[in-house]
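Survey of secondary and tertiary structure
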Amino acid sequence: MVLGATARFKSIDVDLKKEIDRLSGQKVDMCYLCGKCTAGCPVAPYQDIPPHIVLRLAQWGSSKVLESKMIWNCVACATCYTRCPNDVDVAKVCEAITQIAKREGIVADPVASALREKFVESVKNNGRVHELPLAMAMKVATKDYLGDLDVGIPMFFQGKFPLFGHQIKDLNNFQKLFNSKKAKKEGDK
Amino acid sequence: MSRVGVFICHCGANIAGKVDVAKVSDDAINIPGVVYSSHQKYSCSEAGQKVIIDAIKENHIDKVVIGSCSPKMHENTFRKTIEQAGLNPYMLEIANLREHVSWVTADKDSATRKAFDLVKAAVGKVSFAKPLTPGQVTVEKRALVIGGGIAGIQAALDIANMGYEVVMVEKEPSIGGRMAQLDKTFPTLDCSACILSPRMVDVAQHPNIRLLTYSEVENVNGYVGNFNVTIRKKAKFVDESICTGCLECVTKCPLKKKIPNEFENGKAPRGAIYVPFAQAVPKVPVIDKEHCQWLLSPDPDTIEVAEGEKKPKRKCGVCQKKCEQGAINFEMEDELINEKFGAIVLATGFNLFDQKKYGEYGAGEIPDVITGLDFERMVNSSGPTEGKIVRPSNGEKPKKVAFIQCVGSRDEAKGVPYCSRICCMYTAKQAILVREKLPDAEVYVFYMDIRAAGKGYEEFVLRAQREYGANYVRGRVSRIYEQDGHLVLKAADTILGMPLEMEADMVILATGSIAREDSVALANTIGITTDAYGFISEVHPKLKPVEVPREGVFACGAALSPRDIPDTVATAGAVAAKVGVLFSNDILMSDPMVANIDPMICVACGACVEVCPYSAITMEEFRGKKFAKVNEAMCQGCGTCSAACRPGAAQLRGQTDEQILKSIEAVLQW
Amino acid sequence: MQTYAYFPGCSLETSAKEYDTSTRAVFDKLGIGLKEVPDWSCCGSSQAHKVDRDMAAAIAGRNLVLASEIGDIVAPCASCFMSLKEAAVELEHDSEIRDTLKENGLEYLPGSVRVISTVEAAHNALEKGMFEGKITKPLKNLKVASYYGCLLVRPPKIAQFDDVENPMSMDRLMEAAGATPVKWSHKTECCGNAYIMVDKDMTLNLVRNILNAAVSAGADVVAAACPLCHMNLVMRQPYMMQKYGLKSEIPIVYFSQLLGTALNADEQDLDIDGEVMRLINKRRQEANEVKEVG
C-alpha cells in the first residue's frame, strides 16, 4: 500500500474504528504511538507499514488500513503485546482488520490469507491438520511449485509427510463447532 | 420542634444541569420541620449568603440545610454565614448535591430523586443538632522537618530564619539527599554540590536548627500546635561530640572495599565504618551494624567455656584502636527521643524506578546498561570512575552512547502511568556531558515526547541537539541485548515510520521517579494518606498544594509527586511560609466535633481505649466508678470509639447516634 | 502416579514424530503418566483465531472438555499450548462459546483443566526432585542453547510461565541433564512460524538471526520445544549459509531428546540424529579426558 496523496483524513471514521475495537476486543485509542511494537516486531522490517502506523490508521478509522500487507503478515508472536506500555494487543487489532478487509473484499496479501483459509479448511475436513495437502495448497498459492522439494522429499520418505492423515471419529459434531452462535449472529448482519 | 431552612444551590450549571433544583426546593417545604425553602444560583457568593442571612432572620430559622458542593469546599464558609445571622455555626448540615449527585449521576430524574433524599437526610440530622463551642489550645512554636534533602534543607533554613526552632531528622548518616548525588544541574549546568553544600553547612551551623542524622520518626501523637513525636536516633557507635572527622577509622576499616555504597548507587564500595561522601554533613562516620565484624561477633560475656579455656575475643575493632580521640563506642545503643512540635514538615523525597522490572532492557544484568543515577556518579569527579565516562564491562571509552527515556514513566503496564517530569531534562543534560567529555562519541536519545516546560528548558534541549549534536530519535526501544561485545537496540523511528536496529557501546536508562518504599508506612505513622503510587496526598492540588489532611502537617518536594529542584525549592519555601502563618498564632481554636463519653452510661469495658487510633482515651476512676474519658485536644473526631461502644456512651459531637438514625429515618419516611 | 492428559497435536503425528516418542519416553522415565486425550482434534494453532476467534476457542475448547476426565492437560507443542490455554481463558469469560460446546454434548466447567507445556511439566518434576538419581547418562560438556520461541512464554498474561524476557526453566532442565546451558540473546525471538509458507525470505531472515546468535554464543546444539520452530530452524541451513549469511550449521534437537538421552531412555524412541549423538559422545569424552588430566 502507499500512504500519500490518497490518504486524506478530514475526519475520523467512527464506524470503522468501532468495528475494529469490537472485533479485536481492544481499544485502539489506548495507543499513544510510542512505536515500541514496531521496534520489537520481527516481521515489520519486511512489511509496507509498521504496526504503530496500523494503529494510527485505525485511530483515524481510515479504510486505508484495510489495504495494508502488515495486517496479514502479523505472526501473532505477542512481542508487541508483551512489552506494550498500554497493554494493547496489536496482533488482535491486525487480526480484526484482516477480518473486516476480507469482508470488504480487500486482500492485500492473498498468500497469507490462503494460509489461514486452507488451514481451517483442512481442520474442518478432518478434525486435524494434514500437513502435506496444506503445504501443497500453499505451493499453489505462492506459485512456487518446485521450491522446498529438497526438504519435502526426504521428509516424505522418512514417513513424516503421510499422504493420508488421520481423521477424528466424532467429525460430525466437531464440524458443528464451526458454526458458533456468535458466528451465526455475524452472518445475520 | 426545630425550624429548618433549606437552601438549594445551582452551582451555576454544575448542580442545576443535572438536578431539578426548583423541584427539590419545592418538595423540601413539605418535609416536617422545614419552614422555609429556596434555591439560588451561587449560595457561596456574597448575594447568595445574604439571601441565607435574611431568610434566617425573617423566618426565625434555627437550623440550616444547604444543598451544595462538598462540605470540604464550603462548610466553613456557610458556618460563618449562619453565625452572622445569629445562629451557632454548628446548626448546619450540608447535603452534597454536586460530588455525590450531579457529577456522578447520568440520568436527570434519578439525580433529582437522589438530591431530594440527601436533603431529607440532612434535615433529619440537623433537627437534632446541638450548639457546639470550640476549645482553645496553645501553639508550640517549634517545627520538625523530616528529610534532609534540598526540600528539607530549604524549609528548615526558611523556618529557622523566621526565628523559630527547627529539628531536622534525616535517616541517612548525612544530609544532602538526591541532589548531593548529582553532578551538574539543568538547565544551567552548575555543579550540584557547589550550590548545595553551602546550604548543608548553613543547616549544621544555624543556631535555630538541631540536626539529627541517622534518625527516624517512630511515632506521632497530638494535634496541630501540639504534636508529640518519638524519634529513634540509631546508634552510630561514634561519639559525635568527640569525633574530629579525621576519618582515620574509615581508611583503616578492613571492609572498606567490600560493601556497596548506597550513595554511589552501589557502584563504589564503602567500609563498615564510613561517611557516605566527602562533603557529608555532619562529617562524622557511622558504623553499619549489619556489616561490622566487631558488632557481629558474639559477645564474650555471653559465651560459656569450660574452665581453663580462653574465651574467644571480639573480631576486628581496628577503628577503635586507631581512633586517637576514643570516639568509637561499641556499647552505644539506639536512643528514643520525645519532643513536642507545633508543626511537622515532610520532605522525604523520592526513589528511582528499579531497572530490574525491565526484562526487555536486561533487568540490570547487562553491565553496559546503566541508569541515569549511575551516570551521575560516573561523570562526577568524586564518583567511582573519578569522572571518566567508561563502559562498566571493560573500562573503555564508549564510542556510541544511547539514552532511553521513560523507563518506569508513562508505562501503565509497569504500574507507572504518570510522567516523572525530570527525565527529559536530565537526559538532555547527560547527553551534553557525554558530548563535552567525549567529543568523538555519538549520542542518541530515544524519546517518546520531549516535556521541557520550565524556564529555559526547551532552549536547553534544543542546545543538546543543535549545539552538542545529540541525535534525538522518536520511538520507544523494544529490547536491548548483548551480541559480540556490544549492545544491540531494537528500536524504531516513529516519525519515519520504520523499525531500526542500532548497535551501541553503552545505554543509559532514564529511570523515572517513584515514591519512597517507606512512604506509605510514614504516612500511616503520621495519619495522612498517599495516592495510588505512594506519593503523599495534598489537600487540594491547586489551592492547598503543600497542605496535607492532618492540620499542622505540611509536605514539600518530590515526596508529593515527581518534581525538579526549582519546584522542590519553591514548595519548600511555601511550606515555610505556611508554618510561619501557623506560628503567628499564640492560640488556636480546636474543632468541637470530637468524641465525648457519658460516664453515667459507660460500663468501663475499655473497647474504646483499644480502638482509638490516636491514644486519646484513658480509663479514669471517680468515687469507685471506672469510666473512659476522652482527651478532647488529642481526639481527631474519627468516630471509631463511638462505633465500638456497645452501651452507646461514646458519642461524636455533631455526628451522634441520634442524628445518624434520624437522617436514615428521614430518607425512609418522608 | 501423577497422570496428565496428553495432547500431542497434529505435527507430532507426522513431521515431528520424534518429539512425540521422546516426550513419552522422558515422562515414562520420570514416572509421570501421559494419557492421550481421546479422539483429540486440532487446537486451531496460530491460524484458526485469525479467521474467527470464537470458532478457535470452540474447537480448542472441545479438547479441554475431553481432557477434563483425565486431568490437567499437557502439550509438547508451544502453539498447541498457547491455543489451548487461551481457549481456557476465553471459555472462562464467554458463556456463549460454552453454550456452543454444550449443544454438542461437551460441557465445560470453567477452571476444570489447567493447561501446561511439557517444558513446564518437566520443570515442575525437576523442582519436585523427580530427576534425582535418574540422570545416568549426563550430557557432559554439551553446550546447549535453549530456544523457547514465542508461545511458551508469550503473552505472559496467558502463558503465566517463567520470566518472559529471560526464561530459564529449559536451561535448568539442560543443566540437570548434565549439559552446559549457554547464555544467548535470541531464546525468545520469533522464528516466523507457519509464515515459512507465505514469505520464505522474511522467515529465513528471522531464522538466520536466531541461529547466528546461537552460533556466536558457542552452542553445540539448539534445543527446541515446538515442532514448527524445530522445522524452521532445521530446514534450510545450507541454503542460508549460501544466501543469508548463516555463520555455520548447527544441529537442532528437541529438548525431550536431550533429556531422554541423559535419562537413558530407549534410543529408538529418542530417534536422535546420528551426527548429534556423535557430538554428544565427543563432548562426554572431552569431559572425561579433562577429568583424567586434572
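Cut-offs and rules
- Residues numbered from 1 in each chain as written.
- Chains lettered and ligands numbered in written order.
- Predicted model: local features only at pLDDT ≥ 70, side-chain atom pairs only at ≥ 80, totals over all residues.
- Heavy atoms only, no water.
- Axes fitted to C-alpha atoms, helices over the stretch in contact; angles between N-to-C directions.
- Helix = DSSP H or I, 4+ residues; strand = E, 2+ residues; numbered from the N terminus.
- Left-handed = near helix turned anticlockwise from the far one by under 90°.
- Contact = heavy atoms within 4.5 Å.
- Nonpolar A, V, L, I, M, F, W, Y, C, P; charged D, E, K, R; others polar.
- Buried < 20%, exposed > 50% of the residue type's maximum accessible area, 1.4 Å probe, protein only.
- Pairing = 2+ DSSP bridges.
- Domains from an automatic or database assignment.
- Buried area = accessible area lost by both parts, 1.4 Å probe.
- Salt bridge = Lys/Arg side-chain N within 4 Å of Asp/Glu carboxyl O.
- Polar contact = N/O pair within 3.5 Å; in protein donor to acceptor, adjacent residues only side chain to side chain.
- Disulfide = S-S within 2.5 Å.
- 1 Å grid on protein atoms, 1.4 Å probe; cavity = no way out; pocket = protein on both sides within 12 Å on 5 of 7 lines; lining within 4 Å.
- Points joined across faces, edges and corners; volume = space filled by probe spheres on them.
- Core = buried A, V, L, I, M, F, W, Y, C linked by side-chain atoms within 4.5 Å.

1. What to know about the packing of helix α2 (residues 21–28) of chain B against helix α6 (residues 108–126) of chain B
Residues and elements named next belong to chain B.
- The N-to-C vectors of α2 and α6 enclose an angle of 35°; their axes lie 10 Å apart at closest approach. For the element pair α2 and α6, the recorded crossing hand is right-handed. Along the contact surface, α2 presents Lys-23, Val-24, Asp-27 and Ala-28, while α6 presents Thr-112, Ala-115, Phe-116 and Val-119.
- Residue composition of the contact of α2 with α6, grouped by class: 5 nonpolar, 1 polar and 2 charged.

2. A closer look at helix α3 (residues 51–60) of chain A
Residue and element names in this part refer to chain A.
- The buried fraction of α3 is high, at 8 of 10 residues.
- Considered for burial, the residues of α3 that qualify are Pro-51, His-52, Ile-53, Val-54, Leu-55, Leu-57, Ala-58 and Gln-59.
- Contacts made by the buried residues of α3 are with α1 (14–24), α2 (36–40), α4 (70–73) and α6 (90–103).

3. Notes on the sheet that holds strand β17 (residues 335–341) of chain B
Residues and elements named next belong to chain B.
- Strand order in the open sheet made by the 3 strands is β11-β12-β17, with antiparallel pairing throughout. Where the open sheet ends on each side, the last strands, each with one partner, are β11 (215–223) and β17. The mean angle between the axes of side-by-side strands here comes to 20°, regardless of whether they run parallel or antiparallel.
- Alignment of strand β12 (residues 226–233) against β17, held across 7 bridges, turns out to be antiparallel. Bridging across to β17, Asn-228 finds its partner in Lys-340.

4. Side note on the domain arrangement of chain A
All names here are of chain A.
- Here chain A is described as being made up of domain 1 (14–103) and domain 2 (110–182).
- Placing the centre of domain 1 and that of domain 2 at their C-alpha centroids yields a distance of 27 Å.
- With 4 residues of domain 1 in contact, the opposing surface of domain 2 contributes 4 residues.
- For the domain 1 and domain 2 pair, buried surface summed over both sides reaches about 350 Å², with 44% attributable to carbon and sulfur atoms.
- Looking at the side of domain 1 facing domain 2, the largest losses of area belong to Trp-72, Thr-98 and Lys-102, adding up to 88% of the total buried there.

5. Concerning the interface of chain C and chain A
- Between chain C and chain A, the residue contacts involve 55 residues of the former and 60 residues of the latter.
- A salt bridge links Arg-83 of chain A to Glu-165 of chain C; its shortest N-O distance comes to 2.8 Å.
- Inspection of the chain C/chain A interface yields 20 residue pairs in polar contact (both at pLDDT 80 or more).
- Listed by contribution, the elements that provide at least two residues to the side of chain C that touches chain A are α1 (10–13), α2 (17–30), α3 (45–51), α4 (53–68), α6 (95–103), α8 (156–159), α10 (200–216) and α11 (227–235) of chain C.

6. Let's talk about the interface of chain C and chain B
- Contacts between chain C and chain B engage 8 residues on the former and 8 residues on the latter.
- Interface of chain C and chain B: buried area, both sides summed, is about 650 Å²; carbon and sulfur atoms make up 37% of it.
- Contact with chain B buries surface across chain C, with Glu-165, Ser-185 and Glu-189 of chain C losing the most and accounting together for 62% of the total.
- Where chain C packs against chain B, one counts 2 salt bridges.
- By residue class, the composition of the side of chain C that touches chain B is 1 nonpolar, 3 polar and 4 charged.

7. Description of the packing of helix α14 (residues 423–437) of chain B against helix α15 (residues 457–466) of chain B
All names here are of chain B.
- Interhelical geometry of α14 versus α15 gives an angle of 35° and a closest axis separation of 9 Å. Crossing of α14 against α15: the hand is left-handed. Contact residues: α14 offers Met-425, Ala-428, Lys-429 and Ile-432, while α15 offers Tyr-457, Phe-460, Val-461 and Ala-464.
- Of the residues assigned to the contact of α14 with α15, the class counts are 7 nonpolar, no polar and 1 charged.

8. Details of the state of the cysteines
- Tallied over the entire structure, the rule returns 1 disulfide over all chains.
- What pairs with Cys-191 of chain B in a disulfide is Cys-194 of chain B, and their sulfur atoms sit 2.3 Å apart. The S-S bond linking Cys-191 of chain B to Cys-194 of chain B shows a torsion near 85°; that makes this disulfide right-handed.
- Accessibility expressed as a relative area gives 25% for Cys-191 of chain B, which makes it partly exposed.
- You can call Cys-194 of chain B exposed: its relative accessible area is 52%.
- Its sulfur unpaired, Cys-74 of chain A is 4.8 Å from the next cysteine sulfur, which belongs to Cys-94 of chain A.
- The exposure class assigned to Cys-74 of chain A is buried, which follows from its relative accessible area of 11%.
- You can see Cys-44 of chain B has no disulfide; the closest cysteine sulfur is in Cys-9 of chain B, sitting 6.0 Å from it.
- We classify Cys-44 of chain B as partly exposed; its relative accessible area is 31%.

9. Comments concerning empty space enclosed by the protein
- For the coordinates displayed, the defined rule picks out 11 cavities of 30 Å³ or more.
- Within this model, the largest cavity holds a volume of roughly 300 Å³.
- Among the secondary structure elements, those contributing two or more residues to the lining of the largest cavity are α6 of chain A together with α3, α4 and α5 (78–93) of chain C.
- Looking at the lining of the largest cavity, the element that brings in the most residues is α5 of chain C, giving 6 residues.
- Split by residue class, the lining of the largest cavity holds 12 nonpolar, 6 polar and 6 charged.
- Within this model, the second largest cavity holds a volume of roughly 150 Å³.

10. Describing the side chain of Asn-126 of chain A
All names here are of chain A.
- Its location among the elements puts Asn-126 in helix α7 (residues 110–126).
- Residue classification places Asn-126 among the buried positions, given a relative accessible area of 13%.
- Within the structure, Asn-126 has its side chain in polar contact with the backbone oxygen of Ser-122 (distance 3.1 Å).
- A distance of 3.4 Å separates a polar atom in the side chain of Asn-126 from a polar atom in the side chain of His-130.
- The residues contacting Asn-126, other than those within four sequence positions of it, are His-166, Gln-167, Ile-168 and Leu-171.

11. Overview of the sheet that holds strand β7 (residues 165–169) of chain B
All names here are of chain B.
- The 5 strands lie next to each other as β10-β7-β6-β18-β29, forming an open sheet whose pairing is parallel. The open sheet has two free edges, formed respectively by β10 (209–212) and β29 (553–555), since each of these has just one partner strand. Taken pair by pair, the neighbouring strands of this sheet meet at an average axis angle of 20°, ignoring direction.
- The pairing of β7 with β10 spans 4 bridges and is parallel. Across the sheet, the residue bridging to Val-169 is Leu-212, located in β10.
- Along the sheet, helix α7 (residues 150–161) contacts β6 (142–146), β7, β10 and β18 (343–346); its crossing angle with β7, the most-contacted strand, is approximately 165°.

12. What to know about the nonpolar core
- The biggest cluster of nonpolar side chains holds 170 residues, and the ones touching the most others in it are Leu-64, Ile-73, Phe-255 and Leu-258 of chain C.
- In terms of residue count, the dominant contributor to this core is α4 of chain C (10 residues).
- Excluding its chain neighbours within four sequence positions, the residues that come into contact with Ile-73 of chain C are Ala-5, Phe-7, Val-37, Asn-63, Leu-64, Ala-67, Leu-84, Val-113, Arg-114, Val-115 and Ile-116 of chain C.
- Val-224, Val-238, Cys-253 and Val-594 of chain B belong to the second-largest nonpolar core, a separate cluster that totals 79 residues.

13. With respect to the domain arrangement of chain B
Residue and element names in this part refer to chain B.
- Domain annotation of chain B identifies domain 1 (4–134), domain 2 (142–227 + 341–349 + 522–587), domain 3 (248–333), domain 4 (351–514) and domain 5 (594–652).
- Using only C-alpha atoms to locate each centre, domain 2 and domain 4 end up separated by 31 Å.
- With 17 residues of domain 2 in contact, the opposing surface of domain 4 contributes 27 residues.
- The junction of domain 2 with domain 4 conceals about 1900 Å² of combined surface from both sides, 61% of it contributed by carbon and sulfur atoms.
- At the junction of domain 2 with domain 4, the criterion picks out 1 salt bridge.
- The partner of Asp-567 in a salt bridge is Arg-421, with the nearest N and O atoms 2.5 Å apart.
- Our enumeration of links across domain 2 and domain 4 arrives at 7 residue pairs in polar contact (both at pLDDT 80 or more).
- Only α8 (177–181), β8 (184–185) and α17 (565–583) provide two or more residues apiece to the side of domain 2 that touches domain 4.
- No other element matches the 3 residues that α8 contributes to the side of domain 2 that touches domain 4.

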